[in-house]
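Single-letter residue listing:
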Amino acid sequence: MKTYKGRGIVLHTLKYGDSSLVVQLLTDVGGRRSYMVQGVRSRSGRGSKLALFQPAFPVEFEGLEPSQSQQMHRFKEVRGGFLLQGIPFDVRKSTMAIFIAEVIYRLVKESEQNESLFDFVWNSVAALDSMQEGVANFHLWFLVKLSRLVGFQPGNEHRAGDWFDIKEGLYVPLRPLHPLHFAPEEASLMSHLMQLSVLELGDLALNRHQRVAFLNAMLTYFGYHLDAIHTVQSVRILQEVF
């Protein structure tokens, strides 16, 4: 059976039978892939492996290609991709990790290699895990940067006082006649976040009302292009916590 090595970010798990899991990963070798992990939930099985398959956890693995009798990939070996020191122990970061995993799970359907997207998600998880300040703004930064990678970033430069027309994908000087738009405050914040490093999020002063308003605007923006965003359940938790 053909083997290969890769890295992955855990997106979703589903119980299968009495002791197994189906694990959805975003991988560096083939986009989104499903892996069958047998015996991981049994008392006599590889219980320690279960802890690897939490939302947005990084893994490194040696995979087995599906055979004619098996439809899913399997692991010959799997281990943590890097040591997580914040996400498992900080409820704010674990909430963000759940959101990251669910957004990517809903948006990415392709089983094709996408190196830039994978590197962004992998590095975002590492940044979230280690960051000391700015955690409350992380999901906003993540969505703005992700919009560029999935192909619908704004098509022009922002100017002071601009609105953002979601249908046209452009900053505009006048309020659009339809409801699909960002107000000037949200348009300015999107432009700012597009240029901001994750290390600068601690310097971004936003209150809870501003975060919720901008998150709702970004979800409307994503929803116009990708219907799957409307099914992201962790949005409600983010709106309550942050």
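Conventions and cut-offs
- Residues numbered from 1 in each chain as written.
- Predicted model: local features only at pLDDT ≥ 70, side-chain atom pairs only at ≥ 80, totals over all residues.
- Heavy atoms only, no water.
- Axes fitted to C-alpha atoms, helices over the stretch in contact; angles between N-to-C directions.
- Helix = DSSP H or I, 4+ residues; strand = E, 2+ residues; numbered from the N terminus.
- Parallel < 35°, antiparallel > 145°, perpendicular 65-115°, else oblique.
- Contact = heavy atoms within 4.5 Å.
- Nonpolar A, V, L, I, M, F, W, Y, C, P; charged D, E, K, R; others polar.
- Salt bridge = Lys/Arg side-chain N within 4 Å of Asp/Glu carboxyl O.
- Buried < 20%, exposed > 50% of the residue type's maximum accessible area, 1.4 Å probe, protein only.

## Digging into the packing of helix 3 (residues 115–130) against helix 4 (residues 138–149)
- Where helix 3 contacts helix 4, the two axes come as close as 11 Å, and the packing angle between them is 170°. As far as their axial angle goes, helix 4 and helix 3 are roughly antiparallel. Of helix 4, the residues touching helix 3 (which contributes Ser116, Leu117, Phe120, Ser124 and Leu128) are Phe138, Trp141, Phe142, Lys145, Leu146 and Leu149.
- Broken down by class, the residue content of the contact of helix 3 with helix 4 amounts to 8 nonpolar, 2 polar and 1 charged.

## Regarding the environment of Leu84
- When you line up the elements, Leu84 lands in the loop between strand 5 (73–80) and helix 2 (91–107).
- Considering only alpha carbons, one finds Leu84 and Lys15, 69 residues apart in sequence, at a separation of 24 Å.
- Among all residues touching Leu84, those that are not within four sequence positions of it are Phe57, Pro58, Phe89, Val125 and Asp129.

## With respect to the pattern of salt bridges
- Per the counting criterion, the structure on display carries 6 salt bridges.
- The residue Asp119 makes a salt bridge to Arg7 at a minimum N-O spacing of 3.8 Å. Residue Asp119 is found in helix 3, and its partner Arg7 is found in strand 1 (residues 3–16); the two are separated by 112 residues along the sequence.
- Residue Asp119 is classed as partly exposed on the basis of its relative accessible area of 26%.
- Taking relative accessible area as the criterion, Arg7 reaches 25% and is therefore assigned partly exposed.
- For Arg106, the salt bridge is made with Glu102, and the minimal N-O distance between the two is 3.8 Å. A residue pair is termed a helical-turn pair when its members lie 3 or 4 positions apart in one helix, as Arg106 and Glu102 do in helix 2 at 4 residues.
- Taking the relative accessible area as the measure of exposure, Arg106 reaches 25% and is therefore partly exposed.
- Residues participating in the shared-partner salt-bridge network are Arg7, Asp28 and Asp119.

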